[in-house]
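Per-entry structural report
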Amino acid sequence: MLVGVLYAMVQHDLKRLLAFHTVSQIGYMMLGLGLSTSLGIAAGLLHCLNHGLFKGGCSCAPGPSRKFTGTRDMDRLGGLGKRMPGP
């Protein structure tokens, strides 16, 4: 769990950051399931559902930002509000 977060903190590529964050969250899911109590199993499964729903939305973000900027490097993604068209 901690190793995935530490690897995510040093990433500069947006997709790699999301992938390492998912690795760390899977550790929390397995921890809940590994407790083998009804509350632990429910928490692990609920966290799995929650993570799947919000990570699906987060995984859609790199596409448009790469289209308008030409990069996934987070160090170069500053000022997206000026470069990307708004509603």
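Parameters and conventions
- Residues numbered from 1 in each chain as written.
- Predicted model: local features only at pLDDT ≥ 70, side-chain atom pairs only at ≥ 80, totals over all residues.
- Heavy atoms only, no water.
- Helix = DSSP H or I, 4+ residues; strand = E, 2+ residues; numbered from the N terminus.
- Rg over C-alpha atoms; globule rule 2.2 N^0.38 Å.
- Buried < 20%, exposed > 50% of the residue type's maximum accessible area, 1.4 Å probe, protein only.
- Contact = heavy atoms within 4.5 Å.
- Areas by Shrake-Rupley, 256 points an atom, 1.4 Å probe, with all protein chains shown as cover.
- Axes fitted to C-alpha atoms, helices over the stretch in contact; angles between N-to-C directions.
- Parallel < 35°, antiparallel > 145°, perpendicular 65-115°, else oblique.
- Left-handed = near helix turned anticlockwise from the far one by under 90°.
- Nonpolar A, V, L, I, M, F, W, Y, C, P; charged D, E, K, R; others polar.
- Polar contact = N/O pair within 3.5 Å; in protein donor to acceptor, adjacent residues only side chain to side chain.

This part is about the overall build of the protein. Helices and strands together make up the secondary structure of the protein, namely 5 helices and 0 strands. Relative to the 2.2 N^0.38 estimate, which gives 12 Å for 87 residues, the radius of gyration of the protein is 16 Å and therefore markedly larger than a compact globule would have. Overall size of the protein, expressed as C-alpha extent along the three principal axes, is 50 × 30 × 15 Å. The buried share among the 87 residues of the protein stands at 22%. The long-range share in the protein, meaning contacts at least 24 apart out of those at least 6 apart in sequence, stands at 44%. Carbon and sulfur atoms provide 69% of the accessible area of the protein, an area that totals close to 6000 Å².

Time to look at the packing of helix α1 (residues 2-9) against helix α2 (residues 14-34). Helix packing geometry: the angle between the two helix axes and the distance between the axes. For the pair α1 and α2, the least separation of the axes is 7 Å and the interaxial angle reads 165°. Between α1 and α2, the crossing angle belongs to the class labelled roughly antiparallel. In the crossing of α1 with α2, the sense of the turn from one axis to the other is left-handed. On the side of α1, the interface is formed by G4, V5, Y7 and A8, while α2 contributes L17, F20, H21 and S24. For the contact of α1 with α2, the class distribution of residues is 5 nonpolar, 3 polar and no charged.

Its location among the elements puts T69 in helix α4 (residues 62-69). Of the residues examined, T69 reaches a relative accessible area of 16% and is grouped as buried. One polar contact links the side chain of T69 to the main-chain carbonyl oxygen of S65, over a distance of 2.5 Å. Ignoring any residue separated from it by four or fewer positions in sequence, one finds T69 in contact with L77, L80 and R83.

All we've got here are geometric facts, nothing functional implied.
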